[in-house]
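Per-entry structural report
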Amino acid sequence: QRKSEEVLFQLNGRCIYLVGMMGSGKSTVGKILAEVLGYSFFDSDKLVEQAVGMPSVAQIFKVHSEAFFRDNESSVLRDLSSMRRLVVATGGGAVIRPVNWKNMKKGLSVWLDVPLEALARRIAKVGTASRPLLDQPSGDPYTMAFSKLSMLAEQRGDAYANADVRVSLEEIASKLGHDDVSKLTPIDIALESLHKIESFVVEDTAVADSQTESQSQRMHTL
Ligand SMILES: Nc1ncnc2c1ncn2[C@@H]1O[C@H](COP(=O)(O)OP(=O)(O)OP(=O)(O)O)[C@@H](O)[C@H]1O
Ligand SMILES: O=C(O)C1=C[C@@H](O)[C@@H](O)[C@H](O)C1
Ligand SMILES: [Mg+2]
C-alpha cells in the first residue's frame, strides 16, 4: 500500500496493461495492483465475451474463429485506451498485433515473465477447458500444456518484450532467496511490479523533462 502511494503520484492516471502468456498471473496480479492503486480492474477476455454476448472465450473460438476473437479483442483494447486509471489484464495473445501495442502504449505495459514449466504446472492444475489454444482431449495435462505453451512462445518470439516493464519471476525468486518461482506469492509479484513501474515512470518523466528543457532552449536561441 505504501509503495502504491508513491507510484500513484508518478503514474498521473495512466492505465496499466498487463501482458504475458496464458497463466502468467495477469488477472491475479492485476486485481491486486488495481486494489492498491485505487484503479478499476478489467479483464479484456471478459470484455470480449460481453461484447460478443457469449459466456466464454472457448465458445467464441468454436462458434466464430480465432480471427473474430482477435478483432473483438483489438476493439476492446482500443476503447479502453481512451480511459484513465485502469489496470487491464490483456488476453495472452494480444501482443501479436501491432495495433494493440499502439493502443497499449498510451498507458504503461508490464510483462509478467514466467518460466514455461511454472505456467504448465499452474494450467495443468486448473485444466485447459477455458483456454482453447491449450485444450487437448487426451494426454498428461502438464506435458500437453508445456508442449503447446512452448510452441506459442516460439511463434510469439519477443512480442512480449515490447512492454515498458519486464517483471521476471526468476529474478524475484533469486532476489528473495527462493530456489523455485512457485514459492512466490501474487503479493511478491505485485510489489516487484510496483517497483519496476516506478523506476520506469521516473525515468520516462526525466527524459520528457529534458526534452522540454532543450526545446525551450532552442526556442530561446531563435
Ligand atoms: N503467484 C502465483 N502462484 C501460484 N499460482 C498462481 C500465481 N498467480 C496466479 N496463479 C494461478 O495460476 C492460474 C493462472 O493465473 P491467472 O488467471 O491470473 O493468469 P492469466 O495470466 O490471467 O491467464 P489467462 O491469460 O489465461 O487469462 C490461476 O489458477 C491462478 O490462481
Ligand atoms: O494466448 C492466447 O492466445 C490467448 C490467451 C487467453 O487469455 C485468451 O485471450 C485466449 O484463450 C487466447
Ligand atoms: Mg486472465
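As annotated in an unreviewed UniProt entry, the protein chain carries the name shikimate kinase and comes from Aegilops tauschii subsp. strangulata. Under the heading Pathway (unreviewed entry), UniProt records this for the protein chain: "Metabolic intermediate biosynthesis; chorismate biosynthesis; chorismate from D-erythrose 4-phosphate and phosphoenolpyruvate: step 5/7." The heading Subcellular location (unreviewed entry) in the UniProt record of the protein chain holds the text "Plastid, Chloroplast".

Let us now look at the packing of helix α7 (residues 116-126) against helix α8 (residues 141-156). Between α7 and α8, the shortest axis-to-axis distance is 8 Å and the interhelical angle comes to 130°. Relative to α8, the element α7 is oriented oblique. Relative to α8, the crossing made by α7 is right-handed. Packed against α7, whose contacting residues are L116, E117, L119, A120, R121, I123 and A124, the element α8 presents P141, Y142, A145, F146, L149, S150 and A153 at the interface. Here the residues of the contact of α7 with α8 are counted per class, giving 11 nonpolar, 1 polar and 2 charged.

One can find E154 in helix α8. Residue classification places E154 among the exposed residues on the basis of 8 C-beta atoms within 10 Å. Each C-alpha atom, one on E154 and one on S65, is 22 Å from the other, the two residues being 89 residues apart in sequence.

Let us look at the nonpolar core. Counting 50 residues, the largest nonpolar core has L18, L33 and V110 as its most contacted members. The greatest single-element share of this core, amounting to 6 residues, is contributed by helix α2 (residues 26-37). Apart from residues lying up to four places away in sequence, L33 is in contact with I16, V87, A190 and S193.

This brings us to the site of ligand 1. Around ligand 1 sit 18 residues, and of these G25, K26, S27, T28 and R122 come closest. Contributions of two or more residues to the shell around ligand 1 are made by α2, α7 and α10 (186-221). Counting residues per element, the shell around ligand 1 draws most heavily on α2, which supplies 3 residues. When its residues are assigned to classes, the shell around ligand 1 shows 6 nonpolar, 8 polar and 4 charged.

Our next topic: the pairing of strand β4 (residues 108-113). As paired elements, strand β1 (residues 16-19) and β4 share 4 bridges and run parallel to each other. If you follow Y17 over to β4, its bridge partner there is S109. As paired strands, β4 and strand β5 (residues 165-168) are joined by 4 bridges and run parallel to one another. Residue pairing in the sheet places W111 in a bridge with R166 of β5.

With that settled, the discussion passes to unusual backbone geometry. At N12, a position not held by glycine, the phi torsion is positive, near 55°. In this structure, N12 sits in the loop between α1 (2-11) and β1. In this model, R85 sits at a positive phi of 55°, which is unusual for a non-glycine residue. In this fold, R85 is placed in the loop between α5 (66-80) and β3 (86-89). Judged by C-beta crowding, with 17 C-beta atoms within 10 Å, R85 ranks as partly exposed.

Our next topic: the environment of V114. Looking at the secondary structure, you find V114 in the loop between β4 and α7. Excluding residues within four positions of it along the chain, V114 makes contact with G20, M21, S24, G25, L119, L169 and V181.

What counts, and where the lines are drawn
Residues numbered from 1 in each chain as written. Chains lettered and ligands numbered in written order. Predicted model: local features only at pLDDT ≥ 70, side-chain atom pairs only at ≥ 80, totals over all residues. UniProt positions renumbered as here; feature names shortened; annotations may be inferred. Axes fitted to C-alpha atoms, helices over the stretch in contact; angles between N-to-C directions. Helix = DSSP H or I, 4+ residues; strand = E, 2+ residues; numbered from the N terminus. Parallel < 35°, antiparallel > 145°, perpendicular 65-115°, else oblique. Left-handed = near helix turned anticlockwise from the far one by under 90°. Contact = placed C-beta atoms within 7 Å. Nonpolar A, V, L, I, M, F, W, Y, C, P; charged D, E, K, R; others polar. Buried ≥ 20, exposed ≤ 12 C-beta atoms within 10 Å, placed from the backbone. Core = buried A, V, L, I, M, F, W, Y, C linked by C-beta atoms within 7 Å. Near = placed C-beta within 6 Å. Pairing = 2+ DSSP bridges.

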